Structure formats: C-alpha cells, structure tokens
Amino acid sequence: MQTPAPVDYARATSVADAIDLLEKHGDEARLLAGGHSLLPMMKLRLARPEILIDLNDLDELRGIRIEGEEIVIGAMVTHAEILDSPVLAEHYAIFREAEKVIADPIVRNKGTIGGSMCQADPSEDLSAVGSALKGSVVIQGSGGKRTLALREFHEGPYETKVGDAEILIEVRFPIRPGAGSAYEKVERRVGDWPVASAGVFVVVSGGVVTDCGIGLTAIGAEHFCAPDAEAYLIGKAPTEENLAAAAQLAADACTPYADQRGPVDYKLHLARELTLRTLRKAAASSQGA
Amino acid sequence: MEVTITVNGTPVTSEIEPRKLLVHFVREDAGLRGTHWGCDTSNCGTCVLWVDGSPVKSCTMLAAQADGHEVTTVEGLEQGGVLDPIQQGFIECHGLQCGFCTPGMMMTGRWLLDNNPNPSEAEIRDCISGQICRCTGYKNIVASIQWAAEHPATSEVTA
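Thresholds applied
- Residues numbered from 1 in each chain as written.
- Chains lettered and ligands numbered in written order.
- Predicted model: local features only at pLDDT ≥ 70, side-chain atom pairs only at ≥ 80, totals over all residues.
- Heavy atoms only, no water.
- Domains from an automatic or database assignment.
- Pairing = 2+ DSSP bridges.
- Helix = DSSP H or I, 4+ residues; strand = E, 2+ residues; numbered from the N terminus.
- Axes fitted to C-alpha atoms, helices over the stretch in contact; angles between N-to-C directions.
- Contact = heavy atoms within 4.5 Å.
- Core = buried A, V, L, I, M, F, W, Y, C linked by side-chain atoms within 4.5 Å.
- Buried < 20%, exposed > 50% of the residue type's maximum accessible area, 1.4 Å probe, protein only.
- Salt bridge = Lys/Arg side-chain N within 4 Å of Asp/Glu carboxyl O.
- Polar contact = N/O pair within 3.5 Å; in protein donor to acceptor, adjacent residues only side chain to side chain.
- Parallel < 35°, antiparallel > 145°, perpendicular 65-115°, else oblique.
- Left-handed = near helix turned anticlockwise from the far one by under 90°.
- Nonpolar A, V, L, I, M, F, W, Y, C, P; charged D, E, K, R; others polar.
- Expected span 1.5 Å × (residues − 1).

### A look at the domain arrangement of chain A
At step 1: Along its sequence, chain A is carved into domain 1 (8-54), domain 2 (62-174) and domain 3 (180-286).
At step 2: The straight-line distance from the C-alpha centre of domain 1 of chain A to that of domain 3 of chain A is 35 Å.

### A closer look at the sheet that holds strand β1 (residues 2-7) of chain B
All names here are of chain B.
At step 1: What the five strands build is an open sheet, ordered β2-β1-β5-β3-β4; its pairing is mixed. Only two strands of the sheet have a single partner each, and these edge strands are β2 (10-15) and β4 (54-57). Pairs of neighbouring strands in the sheet enclose a mean axial angle of 40 degrees, with direction left out of account.
At step 2: Across the sheet, helix α3 (residues 102-115) lies against β3 (48-51), β4 and β5 (70-72), angled at about 45 degrees from β3, the strand it touches most.

### Topic: the environment of A283(A)
Residue and element names in this part refer to chain A.
At step 1: Tracing the sequence through the fold places A283 in helix α11 (residues 264-286).
At step 2: Taking the C-alpha atoms as reference, A283 lies 9.7 Å from V208; in sequence the two are 75 residues apart.
At step 3: Once residues lying within four places of it in the same chain are set aside, the contact partners of A283 are V202, V204 and P238.

### Let's talk about the nonpolar core
Residue and element names in this part refer to chain A.
At step 1: Ranked by size, the top nonpolar core spans 32 residues in total, and within it F95 and F153 carry the most contacts.
At step 2: Looking at this core, the elements with two or more residues in it are β5 (70-74), α5 (93-99), α7 (113-119), α8 (125-132), β6 (136-141), β10 (167-174) and β12 (194-205).
At step 3: Top contributing element to this core by residue count: α8, with four residues.
At step 4: Of the residues that make up this core, three or more belong to each of domain 2 (62-174) and domain 3 (180-286).
At step 5: Those residues in contact with F95 that sit more than four places away from it in its chain are I73, I82, L88, V129, L133 and F173.
At step 6: Ranked by size, the runner-up nonpolar core spans 29 residues in total, among them C212, A226, A251 and L274.

### Some remarks on the interface of chain A and chain B
Note on interface size: it is often stated as the accessible area lost on association of the parts.
At step 1: Contacts between chain A and chain B engage 31 residues on the former and 32 residues on the latter.
At step 2: Linking chain A to chain B there are two salt bridges.
At step 3: Counting across the interface, chain A meets chain B through eleven residue pairs in polar contact (both at pLDDT 80 or more).
At step 4: Of all the secondary-structure elements, those providing two or more residues to the side of chain A that touches chain B are β1 (8-11), α2 (38-43), β3 (51-54) and α6 (105-108) of chain A.

### Considerations on the environment of D54(A)
At step 1: Examined against the element boundaries, D54(A) turns out to sit in strand β3.
At step 2: Measuring from C-alpha to C-alpha, the distance between D54(A) and R11(A) comes to 4.7 Å, with 43 residues separating the pair along the chain.
At step 3: For D54(A), the contacting residues outside a window of four places in its chain are Y9(A), A10(A), R11(A), A12(A), L32(A) and Q65(B).

### Thoughts on the pattern of salt bridges
At step 1: Counted according to the given criterion, the structure contains 28 salt bridges over all chains.
At step 2: Residue D192(A) pairs with R189(A) through a salt bridge whose shortest N-O separation is 4.0 Å.
At step 3: Its relative accessible area of 4% is what places D192(A) among the buried residues.
At step 4: Across the pair D84(B) and R110(B) runs a salt bridge whose closest N-O atoms are separated by 2.9 Å. Taken as a pair, D84(B) in the loop between β5 and α2 (85-92) and R110(B) in helix α3 lie far apart in primary sequence, 26 residues in all. As far as burial versus exposure is concerned, D84(B) and R110(B) are alike and both buried.

### A few points about the packing of α3(B) against helix α5 (residues 139-150) of chain B
In helix packing, the relevant descriptors are the interaxial angle and the interaxial distance, both defined with respect to the helix axes.
All names here are of chain B.
At step 1: Viewed as axis vectors pointing N to C, α3 and α5 meet at an angle of 40 degrees, and their least axial separation amounts to 10 Å. Taken as axis vectors, α3 and α5 run oblique relative to one another. With respect to the hand of their crossing, α3 and α5 are arranged in right-handed fashion. Touching M105, G109, L112 and L113 of α3 are I141, I145, A148 and A149, all from α5.
At step 2: Residue composition of the contact of α3 with α5, grouped by class: seven nonpolar, one polar and no charged.

### Examining α11(A)
Side chains that are three or four residues apart share a direction in an α-helix, a result of its 3.6 residues per turn.
Residue and element names in this part refer to chain A.
At step 1: Compared with an ideal rise of 1.5 Å per residue, which puts 23 residues at 33 Å, α11 spans 33 Å between its outermost C-alpha atoms and is within 8% of the ideal.
At step 2: Those residues of α11 that fall on the buried side of the exposure criterion are K267, L270, A271, E273, L274, T275, L276, T278, L279, A282, A283 and S286.
At step 3: Directly after α11, the chain includes G288, whose backbone phi takes a positive value near 85 degrees.

Okay, here's the thing in structure tokens:
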C-alpha cells in the first residue's frame, strides 16, 4: 500500500494567500496543482513536504486567453483543456499533437501546465513545446511579478528558477502569423514518458525560413532546445536537404542516456528523425499545404 | 481534519488524516467498495470515479481535495433499481471476466458517451487507454461501450 507520509493541508484562497502560506512555511511547503507527479513522489517518499498548499480553488489561474500578441495560459489549465482549446488549435497545431500523447485522458483531466513546467521532468513533453515556441513564464512572489523565458527557466532536472515563496502563475506564447507547427513522440506504450520527442514551429516567407523553433525532450537537450539547428535554417529554403541538415544539428545538441527506453544511438536517431518529420510538416503547413 | 464529500448525492462527513487518498475515503468512510483500489500509481485506472462530473484516478487525489465537492462512483450509475446502459452493455457483451477493472471502465465509458454519444472504436480505445484489463484483451470492453452507445434509453432490466 502506497500512502504519503503525514502532511498538513491548506487551501489557498488567492495567489496572494498562497504566497503568504509559502513564506510562513518555507521550503517545507509544496504547492499542489494536479498532484499527478507530487502525490506519487510523496508516496515513494521522494518528496516529503510538511504542508500542501492546494491551488485548485484559484480561478485566477485558469483560462486560456489572447492578450495583445500573446497567448496566455493560466498555470492551473489542465492538459485536457489545452487539448480541447480552439484558440490554441487555431494558432499552433503543436499543442494538440503533443497533448494527445501526454499521459491518458483521465490523467489529463488533472495534470496542469503550471505543474508540468514546475515539476521540470527531463522527459516532460510540454517543456519541449514551451522551448520550441520560445514561450515565457510569469512568476509571482510577495515582491511582485517577473517574466522569464522558458529557455532560461530550468536549472536542471526537476529544478527551476521558481523560488521557495514564488508561484508560476501563467505561461505565455508569442503569436506568429503564418507559422506552422508539429509534434512527434515515440513512446513504448500509450501514456508513457517519451523515448524521444520533438516539436517545432516554422515560418516560411518568400520561399525561405524566416523564423523557427526546435524543442526536444527526454534526450538531454539543454533547455529542451536546439539553437544551432534553428540558426542554420534561418534564410534557407525549406528543402529536404536543408531540413535534414538542421535535424542532424538538433541531434548533435542532444546528450541522451541509455536506459530501459533504449540505447544512445537509437535515441539520437530518433532526435534526428522526429525533428526532420516535424520540420517537414510545419514547413508545409506554413506554406499553406 | 473534517471533510464533507457528497458521494452519489449523499453528504459523507468524516474526520480524516489529510494524507488520506480519495479511493480510501470512498471505500472506508463512505463504505462503497465498488470503486476498486489497484496499482496505487495512477496506471491501472480501476479506481476511476468522477469528481464534479469529471473522471479522475482516485488513488492520485487526496480526499481533502474533494472536500465540498461531488463524487460519483460506480454505485451511482444505477438509478432506482434500473441499470445504466453502460452496465447493461457489460452484461450483454460479456465485458468482464474477473471484474477488477470494470468499475473504472464503466465510469470512463459513461463519461465518454455523455460527451460523445456515438464514438468510433478508435475513440473508445483512446478513452480507456489509461486503464488496464488483464483478462479480456479489451475487445469485449469496447463492444460493451458500443452496446451502450446503441442503446441509450434507460435499460429495463432491474438490478
């Protein structure tokens, strides 16, 4: 029988209240969002907080909206809501393609984007999406709000720049008219963590790539991205040869470990192949195919 | 801490440890053993019940989180002695052998049909993809859900 160790429980009534509770309890407190990473870790005693601060009553952290030139996703928006969002589907196919292969429909009803980002699992699919789209996060503490690029958000596996008494309140993505995007994942079975995943956006204008982003997860790409591959493509026609060269540069940015999901050479092969497939699809989509 | 959770329309108040999982609250405090407790790791899905109408794996949610909310379990499907079509479907199509995964499968199946009354086989399989059956190979579970989709009127068979 797996049960968490004894723990206290408090429901935050507002973001400010949650920050007050965090300041009061220090690093013995943990925020509870969907709970589908934290509760399993507590059962295994990998996490042993003294108090959980439940964010589930905070409507201010829900909702997907357009604000100026950005899409804003509240931290407590669930995977299921991202999957079903017409706003996200209109601007970026990558969200739907990634969410369809994250966990399973029941887990997606609970898991949240804020929780996924802050869990910072090195195999998190949404982290690859966030880095591919060059999104940012808004973090709130008692001193106010600060915005941080997702490509500067991670300190390492399971570590982020969110402080002990801070909360990630929203994730923001720039809208790019004409962008195509795509996501591909190889998993051992439905709902598993990826062996490897790649997600990209591409803007093709006047026959050349004018903007792009490449995200990778589970295969040791620093900050879940491949900047050299992106830089290579800018100004080039999206030919098979150029996309393949960029995909190889993306694989070169990866340092996967061999584990039960596969050996290093297989994962590097997937890095290249999945990047190439998503680049092809996104470039075609950007050109109206 | 004291919590009150409305289970199948009936408020259940209990003094619990905050660490208590919802699946154990339903089985021990509400006394409803239809919800099964399986893998404990949110993989198998036999503990699926609804919180405010949305299915969740109740081994991965604290009872404290459900305080003040509405829970529906497999026992809530039958109404006034009349089985829900999803239950009748599992009878008609032999949708179970050992029956351990069945409550979770029925709660997910009912939710699917409430949102998508005529799902394709692929949609059914996708919807139950987070739930494990080790007996049937899923064929008869899919058939049971399809039967319920084809017979949406309340069954006349009594429980």
